[in-house]
Amino acid sequence: MDLLPIRRAILSVTDKKGLVPFATFLVEQGVELVSTGGTMKVLQDAGLPVQSVSSVTGFPEILNGRVKTLHPHIHAGILANKDVPEHMQVLEELKIRPFDLVVVNLYNFAGAVSRQLSLEQAVEEIDIGGPCLIRAAAKNFHSILVLPGTEWYEEAVNEMKANNNCVSLLFRQRMASRAFDATSRYDALITSYIRP
């Protein structure tokens, strides 16, 4: 599909810059928000309606937050190709609702390196769920928009305003490219840091 309506978004960000104005715009357009721990608290404190990931998965965040979004009710909602009837039928049968937008930026591993943390402490700053969300959405850019950094919020708002709350395939493809770039640079930094 060319124009994708944005109706449901999952937000999980380390960098909260610009989050509230962007999420406010989404809510004003009727977009349903789903979020994780710290991001959800910022949204709630701003008075925005937001649903917890745990309420979507039916499973609590565990292992000190190491496992939050790694669940079929999240990833099937991201990876389903909306142009494939069989995919949509499976979601319907399993009562999984699709997402249209993934807003994720990653744990600040570069900050952990600059603070000269011990290897054990630095490892705790390695994001697992975030890259999974970003890569899943980027792979499925035909059916979902991924925003892998705060610098893309304004462009996404302009895109939605220009297209009656929809985003174009070209924009989704551009953001998918930026998403894979973000995760590859993140992995390269980690690889360099932990190499003995």
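As a reminder, the structure under discussion sits directly above these lines.
Residues numbered from 1 in each chain as written. Predicted model: local features only at pLDDT ≥ 70, side-chain atom pairs only at ≥ 80, totals over all residues. Heavy atoms only, no water.

Some remarks on the overall build of the protein chain
The cut-off we apply is this: Helix and strand assignments come from DSSP, with helices taken as H or I runs of at least 4 residues and strands as E runs of at least 2, each series counted from the N terminus. Radius of gyration: over C-alpha atoms. The globule rule applied is 2.2 Å multiplied by the number of residues raised to the 0.38 power. Think of it in three bands: residues with accessible area under 20% of the maximum for their type are buried, residues over 50% are exposed, and the middle band is partly exposed, with areas taken using a 1.4 Å probe on protein chains only. Any two residues whose heavy atoms approach within 4.5 Å are treated as being in contact. His is not counted, nor are the chain ends, whereas Lys and Arg count as positive and Asp and Glu as negative. In plain terms, the charge of a residue is placed at NZ if it is Lys, CZ if Arg, CG if Asp and CD if Glu.
Secondary structure summary: the protein chain contains ten helices and seven strands in total. Rg of the C-alpha trace for the protein chain: 17 Å, near the compact-globule value of 16 Å for 196 residues, within the 12% margin. In terms of its C-alpha atoms, the protein chain occupies a principal-axis envelope of roughly 50 × 35 × 35 Å. Each of the 196 residues in the protein chain was classed as buried or not, and the buried ones make up 44%. Of all intrachain contacts in the protein chain linking residues separated by at least 6 positions in sequence, the fraction that spans at least 24 positions is 66%. Once the 19 positive and 21 negative side-chain charges of the protein chain are each reduced to a mean point, those two points are 2 Å apart.

Brief notes about helix α10 (residues 169–194)
Selection rule: What a helix is expected to span follows from its residue count: subtract one and scale by 1.5 Å.
Look at α10: 37 Å from first C-alpha to last across 26 residues, which is about the 38 Å you get at 1.5 Å a residue. Along α10, the residues that are buried comprise Phe171, Arg172, Met175, Ala176, Ala179, Ala182, Thr183, Tyr186 and Ile190.

Regarding the packing of aromatic side chains
The criterion, for reference: The rule is short: rings of Phe, Tyr and Trp, with Trp giving its six-membered ring, pair when the centres are within 6.5 Å, and they are stacked under 30 degrees, edge-to-face over 60, tilted in between. Working rule: Lys NZ or Arg CZ, within 6 Å of ring centre, within 35 degrees of ring normal, means a charge sits over the ring.
All chains considered together, the criterion is met by one aromatic pair. Just above the ring of Phe99 sits the side chain of Arg8; from NZ or CZ to the centre is 4.2 Å.

Structural notes on the sheet that holds strand β5 (residues 101–105)
By way of backbone hydrogen bonds, the strands of a sheet pair with one another, either parallel or antiparallel. Selection criterion: At least two DSSP bridges between two strands are required for those strands to pair.
In space, the five strands of this open sheet follow the order β4-β3-β2-β5-β6, with parallel pairing throughout. The open sheet has two free edges, formed respectively by β4 (51–52) and β6 (145–147), since each of these has just one partner strand. Taken together, the three bridges between β5 and β6 define a ladder with parallel strand orientation. Looking across to β6, one finds that Val103 is bridged to Leu147.

A closer look at a nonpolar patch on the surface
Just so we agree on the cut-off: To count toward a patch, a residue needs a relative accessible area above 30% and no salt bridge. Like charges then connect within 9 Å, nonpolar side chains (Val, Leu, Ile, Met, Phe, Trp, Tyr) within 5 Å. Using a 1.4 Å probe, the Shrake-Rupley method yields the accessible areas, and only the shown protein chains count as cover for residues. Any Lys or Arg side-chain nitrogen found within 4 Å of a carboxyl oxygen on Asp or Glu counts as a salt bridge.
A grouping of Phe59, Ile62 and Leu63 is seen on the molecular surface, where their side chains present a nonpolar patch of about 280 Å² in accessible area. For Leu63, the location among the structural elements is in the loop between α3 (53–57) and α4 (72–79). Overall, the relative accessible area of 55% leaves Leu63 in the exposed class.

Let's talk about the environment of Leu48
With respect to the element layout, Leu48 can be found in the loop between α2 (37–45) and β4. Setting aside chain neighbours within four positions, we find Leu48 in contact with Val20, Ala23, Thr24, Val27 and Leu43.

These figures capture arrangement, not role.
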